[in-house]
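In case you want the letters, here they are:
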Amino acid sequence: MAILLASLIFLRHGQAQNNVERRLVGRLPNVPLTAEGKAQATYAAACIADMQVSRIYSSPIQRAMETAQIVAKHNSLEVIPDDRLTEIDMGGLTGKTYNDLMERYGNIFLHFYQGSDDFTNMGVETFASVRNRILDIVSYIQQKHAGENVLLVTHMDPIKAMLSTILNMTPQNLYHLIIANASLNIFLNSEGIFSVGSINVMEPSRLVKLW
């Protein structure tokens, strides 16, 4: 008999200081949410209140945990940290700005989605690795929380990894896709088969900022 899961809801963390600075911080500590990021998380928490979420799992990185805790407090739930939801290990690129990286290496983000090994010697995690750990936690939740709505608070590329698995997205599509801060990305489960329910659910006034 198929294991059923009502839905998986992936929430990207709210705006953090590195997003404002357009800087790759990876797994560095002490990168908190901005005031705007906290407001974004509060709005997401209100949306989630109507979704009958039973569990919250979160990346242990500060900006994700802060987001998860805001949602948890609003919905009277606890946060379960899980390393499988963590940010990409940026290795030797940690701390660099987007502009500096693009000037030095070209379009490293597209190369990342293409599976280039140009940066593996610098300790940068591969997109295939991100996908594997996300599929691992999805499988775990299917087993442990069948029939429940579960929230996963994480980062942009783990969400892209889930989307790319379901939609078979090209590297170019992945590069151009923006997963907004504090946006809800909903995946529906029917007899063990996932489909995309919604992408980038957020406060309507923020949508224009994606273009």
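Here we summarise the structure given alongside this text. (Residues numbered from 1 in each chain as written. Predicted model: local features only at pLDDT ≥ 70, side-chain atom pairs only at ≥ 80, totals over all residues. Heavy atoms only, no water.)

1. Description of the overall build of the protein chain
Where we set the bar: To qualify as a helix, a DSSP run of H or I must reach at least 4 residues; to qualify as a strand, a run of E must reach at least 2; elements of each kind are numbered from the N terminus. Throughout this description, buried means an accessible area under 20% of the type-specific maximum (1.4 Å probe, protein chains only), exposed means over 50%, and partly exposed covers the range between. Charged-residue counts in this description rest on Lys and Arg as positive and Asp and Glu as negative, His and the chain ends being excluded. Charge coordinates come from a single atom per side chain, which is NZ of Lys, CZ of Arg, CG of Asp or CD of Glu.
Per the secondary structure count, the protein chain includes 8 helices and 6 strands. Counting from the amino terminus, the protein chain carries its helices and strands in the arrangement β-α-α-β-α-β-α-α-α-β-α-α-β-β. Its C-alpha atoms put the protein chain at 50 × 40 × 30 Å along the principal axes. For the protein chain, buried positions account for 48% of its 211 residues. Both charge centroids of the protein chain, one from 17 positive and one from 19 negative side chains, sit 3 Å from each other.

2. Considering the sheet that holds strand β5 (residues 184–190)
The criterion, for reference: At least two DSSP bridges between two strands are required for those strands to pair. The angle between two axes is taken between their N-to-C directions and runs from 0 to 180 degrees, where each axis is a line fitted to C-alpha atoms and a helix contributes only its stretch in contact. Contacts are residue-level and defined by heavy atoms, with any inter-residue pair within 4.5 Å sufficient.
With mixed pairing, 6 strands are arranged side by side in an open sheet as β3-β2-β4-β1-β5-β6. Taken across any chain shown, the strands that pair with only one partner, and hence form the sheet edges, are β3 (79–81) and β6 (193–201). Neighbour to neighbour, the strand axes of the sheet diverge by 25° on average, direction disregarded. The pairing of strand β2 (residues 53–58) with strand β4 (residues 149–154) spans 5 bridges and is classified as parallel. Among the inter-strand pairings, V53 is bridged to a residue of β4, identified as N149. Helix α3 (residues 62–75) rests against β1 (7–12), β2, β3 and β4 of the sheet, and its axis sits at about 165° to β2.

3. Quick notes on α3
To keep things clear, this is the line we draw: How far a helix is expected to stretch is found by multiplying one less than its residue total by 1.5 Å.
With 14 residues, α3 ought to run about 20 Å at 1.5 Å a step, and its terminal C-alpha atoms sit 20 Å apart, in line with that. Burial in α3 covers these residues: R63, A64, M65, E66, T67, A68, V71, A72 and N75. With its phi angle positive at about 55°, S76 sits one or two positions after the end of α3.

4. A closer look at the nonpolar core
The cut-off we apply is this: Here, the term nonpolar core denotes a set of buried Ala, Val, Leu, Ile, Met, Phe, Trp, Tyr and Cys residues that are joined through side-chain atoms within 4.5 Å.
L8, F10, I134, L152 and M162 are the most contacted members of the largest nonpolar core, which totals 33 residues. For this core, the secondary structure elements donating two or more residues are β1, α4 (98–105), α5 (108–113), α6 (127–144), β4 and α7 (156–167). Considering each element in turn, this core owes the most residues, 6 residues, to α6. Filtering out sequence-adjacent residues up to four positions away, F10 remains in contact with I134, V138, L152, T154, I159, M162, S183, L184, N185 and F187.

5. Side note on α7
Its 12 residues place the ends of α7 16 Å apart at the C-alpha level, agreeing with the 16 Å of an ideal helix rising 1.5 Å per residue. Three or more residues of α7 are buried, namely D157, P158, I159, K160, A161, M162, L163 and S164. Backbone geometry just downstream of α7 places N168 in the positive-phi region, at approximately 55°.

6. Things to note about the packing of helix α2 (residues 35–48) against α3
The following threshold applies: Working definition: roughly parallel below 35 degrees, roughly antiparallel above 145 degrees, roughly perpendicular at 65 to 115 degrees, and oblique for all remaining angles. Helix crossings fall into two classes, left-handed where the near helix is turned counterclockwise from the far one by less than a right angle and right-handed where it is turned clockwise. Amino acid classes used here: Ala, Val, Leu, Ile, Met, Phe, Trp, Tyr, Cys and Pro are nonpolar; Asp, Glu, Lys and Arg are charged; the rest, including Gly, are polar.
Remark: α2 packs on α3, axes separated minimally by 9 Å, with the N-to-C direction vectors making an angle of 40°. One element, α2, and the other, α3, form an angle in the oblique class. Note on packing geometry: the crossing formed by α2 with α3 is right-handed. Seen from α2, the contacting residues are K38, A41, T42, A45, A46 and I48; seen from α3, they are E66, T67, I70, V71, H74 and N75. In terms of residue class, the contact of α2 with α3 is made up of 6 nonpolar, 4 polar and 2 charged.

7. Some details on the environment of S205
Counting through the fold element by element, S205 comes out in the segment after β6. Take S205: its relative accessible area is 48%, and that puts it in the partly exposed class.

8. Notes on the pattern of salt bridges
Quick reminder of the rule: Between Lys or Arg on one side and Asp or Glu on the other, a salt bridge is scored when a side-chain nitrogen of the former is within 4 Å of a carboxyl oxygen of the latter.
Scanning all chains against the criterion turns up 7 salt bridges. Residue E21 is joined to R23 by a salt bridge in which the shortest nitrogen-to-oxygen separation is 3.2 Å. A relative accessible area of 38% means that E21 is categorised as partly exposed. Among the residues examined, R23 registers a relative accessible area of 29% and is labelled partly exposed.

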